[in-house]
Amino acid sequence: LELDSALRNAVTRGEFVLHYQPKVQLAGGHVVGFEALVRWNRPGHGLVPPNDFIPALEESGLITEVGRWVIAAACEQISDWSARGIDPGHVSVNVSPRQFVTGDLERDVLGALANHHTPLGALELELTESSLMTSTEATIATLTHLKDAGVQLSIDDFGTGYSSLAYLRRFPIDKLKIDRSFIREVARSSDGDAITLAILRLGHSLELEVVAEGVETAAQLQYLRRHECDQMQGYYFSPPLPVRETERLLLARP
Ligand code: G
Ligand code: G
Ligand code: MN
Ligand code: NA
């Protein structure tokens, strides 16, 4: 396939870039971190969004290699900012289930942290529920080792995957990210409210931080603040930004 062969060379040709979407603390309104989101600067095509190539990477297995690049690039960026006195808070990267199964996630992450002397606690991994459903002793060991190395762990798109919640106790998770399909319904339908409230209660009773994704309106923000959601991310505050604009935002911070 043309797409596959173009993707195969994209890492070595340095065609991937990361954009950074701010995460805002609802109490106080300051930026406390960013989600790193990959884009492909494909020659002749412009900046290609991840939905157009992540599925192909997952199918071909190339996601392991690209995922390794994403982790290393985020660690390098955190260290670069840190060396220049810029504190981004935490930076999270998305991890595909395949990186657990076929890749050596633990080695990739610990290697990148060491290579770039990344400050402890700055890297966060966003895992999906499906990664955690294929839970083996190896998954538990990997997550425990990462946690011991100061890596924060969150569950992305929470509420859209399998419904077993047992993994919340088995794994050393720090945060839940409420999927934006639920946030969209907040302040619009009572179902959306009920699910969002249930996730907030579940998260807080397990002493996890809860993050809302896809916040687009003031009404959603007010709702989330009233119900003590910890952090929010979404176009209402900012879209994902290229590095330069991310730096501008960090440097403009009071
Ligand atoms: O940035 P955007 O909203 O277009 O991202 C769309 C989807 O692509 C999201 O679900 C996001 O989790 C996923 N995505 C973005 N960057 C990465 C990445 O580095 N690795 C993986 N596995 N998924 C990513
Ligand atoms: O699945 P994941 O949470 O990783 O998806 C992140 C993606 O969501 C990014 O590609 C980003 O562009 C997109 N996104 C971020 N904020 C918003 C928002 O407020 N509304 C919508 N519709 N998408 C958003
Ligand atoms: Mn995510
Ligand atoms: Na998500």
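In the annotation of an unreviewed UniProt entry, the entry for the protein reads EAL domain-containing protein, and the organism field reads Pengzhenrongella sicca.

### With respect to the pairing of strand E5 (residues 123-127)
Counting buried residues in E5 gives five out of five residues, a clear majority hidden from the surface. Of the two faces of E5, the one carrying Leu123, Leu125 and Leu127 and the one carrying Glu124 and Glu126 are both buried. Sheet analysis places strand E4 (residues 90-94) next to E5, joined by four bridges and oriented parallel. Bridge assignment links Val91 to a residue of E5, and that residue is Leu123.

### Quick word on the site of ligand 2
As a structural note, the neighbourhood of ligand 2 is formed by 13 residues, with Leu37, Gly214, Glu216, Gly234 and Tyr235 the closest of them. For the shell around ligand 2, the per-class residue count stands at four nonpolar, four polar and five charged.

### Considering the site of ligand 1
Lining the immediate surroundings of ligand 1 are Leu37, Val38, Pro49, Pro50, Asn51, Ile54, Gly67, Val70, Val93, Asn94, Ser96 and Pro240. For the shell around ligand 1, the elements supplying multiple residues, two or more each, are strand E2 (31-42), helix H3 (63-83) and E4. Grouping the amino acids of the shell around ligand 1 by side-chain chemistry returns eight nonpolar, four polar and no charged.

### A word on the pairing of E2
By the bridge criterion, nine bridges tie strand E1 (residues 16-25) to E2 in an arrangement that is antiparallel. Within E2, the residue paired with Lys23 across the bridge is Gly33. If you look at the hairpin formed by E1 and E2, you'll find five residues sitting between the two strands, and Gly28 has a positive phi there, around 110 degrees. Alignment of E2 against E4, held across four bridges, turns out to be parallel. Pairing of Ala36 across the sheet is with Val93, part of E4. Relative to strand E3 (residues 46-48), E2 runs antiparallel, the two being bridged by three bridges. The partner of Asn41 across the bridge, within E3, is Leu47. Between E2 and E3, which pair antiparallel in sequence order, lie three residues; one of them, Gly44, sits at a positive phi of approximately 85 degrees.

Reading guide: rules and limits
- Residues numbered from 1 in each chain as written.
- Chains lettered and ligands numbered in written order.
- Predicted model: local features only at pLDDT ≥ 70, side-chain atom pairs only at ≥ 80, totals over all residues.
- Buried ≥ 20, exposed ≤ 12 C-beta atoms within 10 Å, placed from the backbone.
- Helix = DSSP H or I, 4+ residues; strand = E, 2+ residues; numbered from the N terminus.
- Pairing = 2+ DSSP bridges.
- Near = placed C-beta within 6 Å.
- Nonpolar A, V, L, I, M, F, W, Y, C, P; charged D, E, K, R; others polar.

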